[in-house]
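Descriptive analysis of the structure
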Amino acid sequence: MYAVVTSGGKQYKVKEGETLRVEKISGKVGSPVTFDQVLMISDGTDVNIGQPVLADATVEGHIVEQGKAKKIIVFKYKRRKRYRRKQGHRQQYTDIKIVSIKAKGVKAGKKAAPEGDAKKPAAEKVKPVEKKATPEAKVAEAPKAAAKPKETKKPAAKAAPKKAAAKKAAPKKAAPKKAAAKKAAPKKAAAKKAAPKKAATKPKDKS
């Protein structure tokens, strides 16, 4: 159940048991306070709206604290006019504890159950029912667990590196053949150089 009241030119939504902070109202701590200007009252199902105020509707409470808010700075300045004004301000307030909301034809609403209690039944329905494992199911699971290690074959992974090593070893044998071929080439070149020396000898004249 809640109501909307006016105080100090402002509107506030209030509930029973809460503390409301409004513009300063004269009175000592503990003195009672009554709000006569009630704009609306709702009990959870029915809503009563005033035009503009509900007749015979009041909100009662008592003063809890009289205090001042944090300081704010009010500064005025005009350039090139040598004008500046600085002033501080602390707004005064009154804290009021709301005790009751009264109106004709409006009954106090029933207290709602705590959220924790309301959610417990829903949580219980969602939980699945745990089934106990029978001895037959345990026996069936045992052979499956034993069969899993056989499926993994580790030797296949070791065989692959050996083939790769054999391919890498093959090029080493081809290296000596190329070296032998290169050594044979200089011998043929030496034979060609020796041939011109025989041609240089001229036949002797018989005259």
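Here's a quick rundown of the structure. Along each chain, residue indices are assigned from 1 in the same order as the chain's sequence is written. Only residues with pLDDT of at least 70 are given local features in this predicted model, and only at 80 or more are side-chain atom pairs given and counted; all residues enter the totals for whole chains, interfaces and linings. Calculated side-chain values reflect all of the structure's heavy atoms, with hydrogen atoms and water omitted.

**Regarding the side chain of Asp95**
For helices the rule is a DSSP run of H or I covering at least 4 residues; for strands it is a run of E covering at least 2, with both sets numbered from the N terminus onward. With respect to the helices and strands, Asp95 occurs in strand E10 (residues 92–103). Relative accessible area serves as the criterion here: at 8%, Asp95 is assigned to the buried category. Not counting chain neighbours up to four residues away, the residues in contact with Asp95 comprise Thr19, Leu20, Arg21, His62, Ile63, Val64 and Glu65. A simple rule labels every residue: compare its accessible area, found with a 1.4 Å probe on the protein chains alone, to the largest value its type can have, and call it buried under 20%, exposed over 50%, or partly exposed in between. Between two residues, a contact is recorded if the distance between any of their heavy atoms is within 4.5 Å.

**Describing the sheet that holds strand E3 (residues 19–23)**
One requirement defines pairing of two strands: DSSP has to find at least two bridges between them. In space, the four strands of this open sheet follow the order E3-E10-E7-E4, with antiparallel pairing throughout. In the strand order of this sheet, the two ends are held by E3 and strand E4 (32–35), each with one partner. Direction aside, neighbouring strands of the sheet carry axes that sit 40° apart on average. Judged from the four bridges that link them, E4 and strand E7 (residues 57–68) form a sheet pairing that is antiparallel. Counted as the bridge partner of Pro32 is His62 from E7. All axes here are fitted lines through C-alpha atoms, helices being fitted over the stretch that makes contact, and every angle between N-to-C directions spans 0 to 180 degrees.

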